[in-house]
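# Structural description and commentary
Below, each chain spelled out in residue letters.
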Amino acid sequence: MNSKPLKPFVIPFFIPHAGCPHRCIFCNQTAITGIVKPPSPADIRPVIDQFRLYNHRRRTPVQLAFFGGNFLGLAPETIIALLKETQKCVHEGLVDTIRFSTRPDTITPDKLDIISDFSVQTIELGVQSMDDTVLTLCRRGHTAGQSNEAIKRLKQRGYETGAQIMTGLPGDSGPQSIKTAETIAASGPDFVRIYPAVVISGSILAQWFEKGRYKPAGLNETVRLVSRLYRIFAGHDIPVIRMGLQPTEDLDDSAVVLAGPYHPAFGHLVFSEIFLENAVRLISQSPGNTSQLTLAVHPHDVSRLKGLRNDNIKHLKERFGLESIRVIQDASIVHGQIRCR
């Protein structure tokens, strides 16, 4: 029986906009990361030393990740210089593997040949959408077909492959995101990240928003949409490792996120929505007209069932005319499941 692989301890090395051929309309990595100038190879070891303080028990494996730019869009000599310096840390046992994010159109045989001698394990693709109209409106500069081909090439080369997608982009009212999820799920990546589009200051989308050319999706409708996308990937046994932007002090600043469905606990909201849907289905199918109900879940799922500020419990009581709902913990119940008692 195969054991579940350990979740890596990821050391992020941000290279905002480095290697990007142009600026996509929704993007301002400097505002998101707070980093103005891309670091150099000489900065890699200090970054590793800094994060090792948080990993004093040496949780394995450790990955150094190049995020926030288009890694394979960098000049070949820059790619090699960054990987060589990281590889030294691999040989010293400070890092186990290397990870980076890049655009689908950079996954070419010659670029993959450049990285083949290094300890690269995981490659994330900024797919964003599998609708070519949406991609054109967002000025991505690549097609859905290139994303499909990129995933295929990475899987053929044996890389752990991730896909990053976005909802609520210009031209995407929801059905396009669902189609994107279905198409990506069929291509079989190892994991997915889902990012709702938000209006970041300094982005082209911010200009469109201020001129009334773009209206971001609301939080509640986005939570419901992303819950559908999550179910699509779950149905293909593809983990969704993040939903929503990683909360930071910068993102919590209203001068950075101007509008859109940003919430520091967005992923929790999505899981709560899924649990609410499951609870409604379960209660609807349960016999009896009792005014009191007991629901049992795994201990880790209690807060997801209850919802933010106990909203799910309030909704269920009102919908089914219940006087009380008791939530109990049962470690024997599989994560994500609910049982009536």
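Residues numbered from 1 in each chain as written. Predicted model: local features only at pLDDT ≥ 70, side-chain atom pairs only at ≥ 80, totals over all residues. Heavy atoms only, no water.

## Details of the sheet that holds strand β11 (residues 324–329)
Strand order in the open sheet made by the 3 strands is β11-β10-β12, with mixed pairing throughout. Only two strands of the sheet have a single partner each, and these edge strands are β11 and β12 (339–340). Two strands pair when backbone bridges link them, and strand β10 (residues 292–297) and β11 are joined in this way by 6 bridges, in the parallel orientation. Bridge assignment links Gln292 to a residue of β11, and that residue is Ser324. (Pairing = 2+ DSSP bridges. Helix = DSSP H or I, 4+ residues; strand = E, 2+ residues; numbered from the N terminus.)

## Some thoughts on the side chain of Asp330
With respect to the helices and strands, the residue Asp330 is situated in the loop between β11 and β12. Exposure remark for Asp330: the relative accessible area of 16% places this residue in the buried category. Separated by 2.5 Å, the side chains of Asp330 and Ser332 make a polar contact. Setting aside residues up to four positions removed in sequence, Asp330 forms contacts with Ala296, Val297, His298, Pro299 and Arg341. (Buried < 20%, exposed > 50% of the residue type's maximum accessible area, 1.4 Å probe, protein only. Polar contact = N/O pair within 3.5 Å; in protein donor to acceptor, adjacent residues only side chain to side chain. Contact = heavy atoms within 4.5 Å.)

## A word on the nonpolar core
One recurring pattern in soluble globular proteins is that nonpolar side chains are buried together. By size, the foremost hydrophobic cluster in this structure holds 60 residues, and its most contacted members are Phe66, Phe71, Ile115 and Phe233. For this core, the leading source of residues is helix α9 (residues 219–235), giving 6 residues. In this structure, Phe71 is in contact with Ile15, Phe66, Ile79, Leu82, Leu83, Phe100, Ser101 and Thr102, ignoring residues within four places of it in sequence. With 24 residues, the next largest nonpolar core counts Cys138, Leu205, Tyr214 and Val257 among its residues. (Core = buried A, V, L, I, M, F, W, Y, C linked by side-chain atoms within 4.5 Å.)

## Quick word on helix α12 (residues 311–320)
Regarding α12, the residues found buried are Asn312, Ile313 and Leu316. Mapping the buried residues of α12 onto a view down its axis gives an arc of 100°, with all of them on the same face. Among the structural elements, α10 (266–285), β10, α11 (302–306) and β11 are those in contact with the buried residues of α12. Two residues or fewer after α12 comes Gly321, characterised by a positive phi angle close to 65°. (Arc of directions from axis to C-beta.)

## So, the packing of α10 against α12
Two elements in contact, α10 and α12, have axes whose closest approach is 10 Å; the angle formed by their N-to-C orientations is 25°. Considering the angle they form, α10 stands roughly parallel to α12. Judged by the sense of rotation from one axis to the other, the crossing of α10 with α12 is right-handed. Packed against α10, whose contacting residues are Ser272, Leu276, Ala279, Val280, Ile283 and Ser284, the element α12 presents Asn312, His315, Leu316, Arg319 and Phe320 at the interface. Among the residues making up the contact of α10 with α12, the classes are represented as 6 nonpolar, 4 polar and 1 charged. (Axes fitted to C-alpha atoms, helices over the stretch in contact; angles between N-to-C directions. Parallel < 35°, antiparallel > 145°, perpendicular 65-115°, else oblique. Left-handed = near helix turned anticlockwise from the far one by under 90°. Nonpolar A, V, L, I, M, F, W, Y, C, P; charged D, E, K, R; others polar.)

## As for the sheet that holds strand β1 (residues 9–14)
The 7 strands lie next to each other as β1-β2-β3-β4-β5-β6-β8, forming an open sheet whose pairing is parallel. Sheet topology places β1 and β8 (240–243) at the edges, where each strand pairs with a single neighbour. The sheet shows a mean angle of 20° between the axes of neighbouring strands, direction not considered. Where β1 lies against strand β2 (residues 62–67), 6 bridges are found, and the strand directions are parallel. For Pro12, the partnering residue across the bridge sits in β2 and is Ala65. Sheet strands in contact with helix α6 (residues 144–156) are β4 (120–128) and β5 (160–167), and its direction is about 170° off that of β4. Running at roughly 170° to strand β6 (residues 191–196), α9 makes contact with β5, β6 and β8 of the sheet.

## Concerning the layout of surface pockets
Of the pockets and cavities examined, the second largest pocket occupies roughly 400 Å³. What lines the second largest pocket is Tyr230, Arg231, Phe271, Ile274, Phe275, Asn278, His300, Asp301, Arg304, His335, Gly336 and Gln337. Listed by contribution, the elements that provide at least two residues to the lining of the second largest pocket are α9 and α10. Broken down by element, the lining of the second largest pocket gets its largest block of residues, 4 residues, from α10. (1 Å grid on protein atoms, 1.4 Å probe; cavity = no way out; pocket = protein on both sides within 12 Å on 5 of 7 lines; lining within 4 Å. Points joined across faces, edges and corners; volume = space filled by probe spheres on them.)

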